[in-house]
Amino acid sequence: MIYFTELDHLPAFDVKGVFLGQLVDLGINPIRNSSRVEEYLIETPGRERLVIPHVQMQAISNRALQAGQVAREVLGTPNDALIRVKKDVLDQQIIDVNSRKVVRVTDVVFEIEPSERHSHLRLVAVDVGAAAGVRRLLQGLLAKHRIRVVSGIFQARVIPWEFVNLIEPDPARRLRLRISYDRLAALHPADLADILEELSPDEQRAVIESLDDETAAHALAEVPDKVRMALLEQFPADKAADLIEEMPPDEAADALQSLAPAKSAEVLAGMEREEAQEMRGLLGFDAKTAGGMMTTECVIVRPEATVADGVEALRAFEGDLDEVDRLFLTDAEGILRGMVRLARLLLARPEEALESLATPPVATVPAHADIRTVLGLFYKYSLLVLPVTDDHDRLLGVITADDAIEHTQ
Amino acid sequence: MTRSNTPSKWPSRFWVTAVLFLSVVGPGIITANVDNDAGGIYTYSLAGARFGYTLLWTLVPITVALVVTQEMVARMGAVTGKGLADLIREEYGFRITFLLMTCLLVADLGNTVAEFAGLASGAAALHISRFISVPLGALFVWLLVVRGTYRIVERVFLVACFFYVSYLLSGFLAHPDWSLALVSTVKPTVSFDRASIYMIIGLVGTTIAPWMQFYLQSAVVEKRVTVSQYAYSRWDVIIGCIITDVVAFFIIVACAATLYVTGHHDVRNAADAAVALRPLAGRAASILFAFGLCNASLFSASILPLATAYYVCEGLGFEAGIDQRVHEAPVFYTLYTGLIACGALTVLLIPERMQVPIILLSQVANGVLLPFVLIFMLRLCNREDLMGAHRNTKPLNIIAWTSSVLMIGMTLVLVFLSFGPTP
């Protein structure tokens, strides 16, 4: 194991023992190998930059680098297709995918892998702990083995390289470096939202752009309004429309409401007709009322329908099925007559009428009721969902317990 | 969109602009106002008491320099979305950042002590014991940040900014010679005697402190001001700087109209000025002056530790922000709490003459830091890869470098002078 603080400024010699210069940076080519050091960047005493490819590196120790015969390749412009350890990793913010945090890299950990004729370096981890800070402070001031002793007193916080996600706002370079945020898609939207909050606007955009719309939308639904607004404002209207369409309707309405009026109209125009219609309906409600809290995503069937019809309605349902735990029965006027839990549906015979399985709603709330009333009903009756009705008792939508919880903060 | 110039559109456009402005207002006004802390008020009182209206003209170039530097950091915050400490770490590495942060910590600890001392003396002028004012004040600012959200904290700070109005009132109550005051503001008069040059150096030297740059940029970032909103944020900065120097103007005027006119040239500290005002400008003016001092000190005693906690955490990679919970950002809250506790306890437990070295040390640390901070700022603000189209223009660079060099020079001279006997 060797740290970048120990490699930095190491003298490099060629095969005859002639001093070439000092190591100033290491390059990794993610297309060839995600962790092997591909190029060693040397600065000569004449301030020239040399590149030593890894195949020519014969021996590496914490005292010196020993390069092979043909070690000279003077560098014109820096190679943009490499991850530069000093420039792109050290002191930069990275996403620790494993512990779902944004952290700043203080030192980089390598392993020396000797083989028959040459040896190479493999990047194994980044260190973000206090020990790394001590090494950076003492680098070049004390002997290397002393620094190890002193820094050993302090805590190291090592993140394995495979869990490190670099952040690169430039899309072209991101592509060249094979940086993707695929692994972030597996995180819970709330964790992803926490990560997004830590990033600068450019970086947030980079992450959102590279995620699929659905994952991005779920994460966006969780970030504070202000962050979401700033992000959506940055995207062209059609991309914003795609993202908002993927959000749950209530969050989508909140997002639209937070945009500037002109932008919001543009986004609405870019949405699919049905969804846009739904949004316009929700936008009519004040965000601080039951109408503003509710979602229109629920499965509604007629009371006289059979269990088979109910299952069919579930199949045809376009919203998020994971959020559905019951069917709502409304009559021809749209008045709520009852609800059927899915478990009941599962155990009943297909030809049975849904009405016979239904339980009347424990409570409903008018759309203009305030948050306090809504929360009061949730507490009093320990509700999972609360149907929202208009002045004529017609079902408009439902408030789910998780949306209610969000408003308790 | 076509631009409509029909008069009927004006009110609605005015309101749109007003709302957009209000959504970003805060960081600039708050940062600039904290500049008028206990030390600032003392300097301005002294300038008024010793030189009357003659040094009022210095406020004009001071305002320009303040606007130019503050505007740069606010712009960097909006464009990059990162704090100044973040940027310095990314561009100049860990060691420089660590040293800078350590010096800033020392400087700000001393400053915090000075602010609590200001609170103690201001309250004493209002006949409130320091053993009441200091612990209560410390508890108040601590609870505010630990329990509050960014929005609440910012609003409380804006209210504190409003209380600076007490200096305007005490200025009026002092019945100054307005025409002379206004003429002195626009017409520079330079006399080359030692004392007035020292005073000018003092005025300029207290204008820009390193912590302000860090605080302003972090606040702009935490407020999530975007590039498109930046035009409004710039007004926040400009208005803030102007308000600050208007307040300074009234402090100088109040002291000039009373202390200077009656030959009361020596003021030991800001509270002393408040007490001295009583027989000359009346009880109300004196109370307003002392109240303003308490407000300013308390306000700064909260912002300084807050700013310190922000940039130390940013630079060294810890989570920071008022909107974070205590367990999410432990280092941030530990620093904030520690600085307030140290500041308050020092004022309560250590005798006054032994506080002087601490305050002096912080002045030195500030003076040593200022060149580094300003030069880093200027270089970062000219980087195309960071700032893109928003990097400094050439004319702005000329003004910024000139005023930075002047301020650095004057601040360093002030540091050296603070060791010698005052003239």
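It should be noted that the structure appears before, not after, this text.
Regarding its fold elements, chain B presents 19 helices and zero strands. A buried classification covers 53% of the 423 residues belonging to chain B. At a minimum sequence separation of 6, the contacts of chain B that also span at least 24 residues come to 84%.

Moving on, we come to the pairing of strand 20 (residues 395-400) of chain A. Residue and element names in this part refer to chain A. The element strand 20 is extensively covered by neighbouring structure, given that six of its six residues are classed as buried. In this structure, strand 19 (residues 385-389) lies alongside strand 20, joined through five bridges in antiparallel fashion. Residue pairing in the sheet places Leu386 in a bridge with Ile399 of strand 20. Linking strand 19 back to strand 20 in an antiparallel pair, the connection comprises five residues, with Asp393 at a positive phi of about 65°.

What follows is about the sheet that holds strand 19 of chain A. Strand order in the open sheet formed by three strands is 18-19-20 (chain A), with mixed pairing between adjacent strands. Each edge of the open sheet carries a strand with a single partner, namely strand 18 (365-366) and strand 20 of chain A.

Moving on, we get to the environment of Ser184 of chain B. Residue and element names in this part refer to chain B. Mapped onto the elements, Ser184 comes out in helix 10 (residues 178-186). In this structure the C-alpha to C-alpha distance between Ser184 and Thr58, which are 126 residues apart in sequence, comes to 9.5 Å. Setting aside residues up to four positions removed in sequence, Ser184 forms contacts with Tyr53, Thr54, Leu56 and Trp57.

The next point concerns the environment of Ser210 of chain A. Residues and elements named next belong to chain A. Tracing the sequence through the fold places Ser210 in helix 8 (residues 201-210). Each C-alpha atom of the pair Ser210 and Ile179 lies 9.5 Å from the other, and the pair is 31 residues apart in sequence. If we skip the residues at most four places from it in the chain, Ser210 touches Ser180 and Tyr181.

Thresholds, definitions, all that
- Residues numbered from 1 in each chain as written.
- Chains lettered and ligands numbered in written order.
- Predicted model: local features only at pLDDT ≥ 70, side-chain atom pairs only at ≥ 80, totals over all residues.
- Helix = DSSP H or I, 4+ residues; strand = E, 2+ residues; numbered from the N terminus.
- Buried ≥ 20, exposed ≤ 12 C-beta atoms within 10 Å, placed from the backbone.
- Contact = placed C-beta atoms within 7 Å.
- Pairing = 2+ DSSP bridges.

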